[in-house]
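Analysis of the macromolecular model
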Amino acid sequence: MISKKMENMVANSSAIRAMFEEGNRLAGIYGKENVFDFSLGNPNVPAPASVKDAIIALLDAEDPVVLHGYTNSNAGYEDVRQAVAESLNERFGTAFSANNITMTVGAAGGLNVVLKSLLNPGDEVVVFAPYFGEYRSYTNNYDGVLVEISPNTVDFQPKLDEFEQKITPKTKAVIVNTPNNPTGVVYSEETIKKMAAILEAKQKEFGTEIYLISDEPYRELVYDGVEVPFLTKYYANTIIGYSFSKSLSLPGERIGYLVIPDEAADSEKLIGAANVATRILGFVNAPTLQQKLVKACLNEKTDISYYDRNRETLYNGLRELGFECIKPEGAFYLFVKSPVEDEKAFCAAAKEYNILIVPGSSFGCPGYVRLAYCVAYETIVNSLPKFAELAARYQ
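Residues numbered from 1 in each chain as written. Predicted model: local features only at pLDDT ≥ 70, side-chain atom pairs only at ≥ 80, totals over all residues. Heavy atoms only, no water.

Moving on to the sheet that holds strand β10 (residues 333–337). Ordered by their spatial adjacency, 4 strands build an open sheet running β9-β10-β13-β12, and the pairing between neighbours is antiparallel. Where the open sheet ends on each side, the last strands, each with one partner, are β9 (324–325) and β12 (358–359). In the sheet, β10 pairs with strand β13 (residues 368–372) via 5 bridges, with the strands oriented antiparallel. Bridge pairing in β13 links lysine 337 to tyrosine 368. (Pairing = 2+ DSSP bridges. Helix = DSSP H or I, 4+ residues; strand = E, 2+ residues; numbered from the N terminus.)

Structure below.
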């Protein structure tokens, strides 16, 4: 008999993954070209050519025993961590060293390391709806309590008045994700400054430490010159979680890092805890070849003009058909208002036209659906006539 906790997790398994698997099933029946799968944020843009070149160079130049062995520290190779720190310092005017960086098994692994390091049973983790649904599972992994801030469906900036009201003496962490999955919204500098001021005031009021965890796998994917605030500059108790899954199109390689600044409360203990958590959660260390790879490719980026064309085509196409949505500033998702209150019924109707989309309730925001436009451009173009048929059904 599996554990009670896992029984609940299995029963409420990811709707995104379920829809992706459904897409594979339908493709086997109708042909892949006739199924329009917008379910999974799996980059369709290949990794830069320099990634392949770097892998080959590493395999030729490095001692294979060292390259494929355990790292001396659970935090990862020191030279890799120093290179990451220097890159961040150059870009954002920070003053990090290798000691502030822990290499992780993607952003998800990093979030689990942080929450394992921070949470006692019953500690609260605040999230802003809509939010990546796995935050609930990650918090539950360590017997924390997820506290939702309801969605602001006007512009999808966080509701800071509700946020201020829901912070309690049990609040241990706040997770923000900007550019946001599922909306593509970038939280403005004004929003971040106000959020930081609220957190500072609440820490003083309760005599506690509240950590702001910035989940940043989409930091590099922004459009139209939009700037993404780097949060350690606004609030001392900030922890950054980053992944190269999107910026280098390496989602399956599972490589990222945490930044724990010296300015964060109990930083020395927290850095030590993160290293131990990396080991005892079973990661041991981040993949070694991938650590060396990202060091070699820190200045490389995926060509986001591909995503931008998809964004413009899908956004404009759906708007012309009468669908309501805000234009995303980053990431590669479109968050569309369902034409009926029950967005799950709308998703089921869309599937009749071989269109696969994810219900907003998976992100704590019912009444909306998410479309991942990190797909082939032809998928978007060929899907629009089917979206037209779907729209006509509700007019």
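On to the pairing of strand β5 (residues 171–177). Taking burial as the measure, the 7 residues of β5 include 7 buried ones, the bulk of the element. Strand direction decides the pairing type here: strand β3 (residues 124–128) and β5, joined by 4 bridges, are parallel. If you follow valine 126 over to β5, its bridge partner there is valine 174. With 5 bridges joining them, β5 and strand β6 (residues 211–215) adopt parallel strand pairing. The residue bridging isoleucine 175 from the neighbouring strand is isoleucine 213, located in β6. The parallel pair β5 and β6 is bridged by helix α9 (residues 189–206), and the resulting crossover is right-handed. (Buried < 20%, exposed > 50% of the residue type's maximum accessible area, 1.4 Å probe, protein only. Right-handed = clockwise from strand over helix to strand, strands pointing away.)

The next point concerns the sheet that holds strand β2 (residues 101–104). With mixed pairing, the 7 strands of this open sheet are ordered in space as β2-β8-β7-β6-β5-β3-β4. The open sheet has two edge strands with one neighbour each: β2 and β4 (145–149). Pairs of neighbouring strands in the sheet enclose a mean axial angle of 20°, with direction left out of account. Pairing of β3 with β4, which is carried by 5 bridges, proceeds in the parallel orientation. (Axes fitted to C-alpha atoms, helices over the stretch in contact; angles between N-to-C directions.)

Turning next to the packing of aromatic side chains. Following the criterion strictly, the structure yields 21 aromatic pairs and no others. With a centroid separation of 4.2 Å and an interplanar angle of 5°, the aromatic rings of phenylalanine 92 and phenylalanine 230 are classed as stacked. Of this pair, phenylalanine 92 sits in helix α5 (residues 78–92) while phenylalanine 230 sits in the loop between β6 and β7 (238–243); the two residues are 138 residues apart in sequence, bridging distant segments of the chain. When its relative accessible area of 14% is taken as the criterion, phenylalanine 92 is described as buried. What makes phenylalanine 230 buried here is its relative accessible area of 3%. Both rings, one in phenylalanine 335 and one in phenylalanine 363, keep their centres 6.4 Å apart while their planes meet at 90°; by these two values the pair is edge-to-face. (Phe/Tyr/Trp six-rings, centres within 6.5 Å; stacked < 30°, edge-to-face > 60°.)

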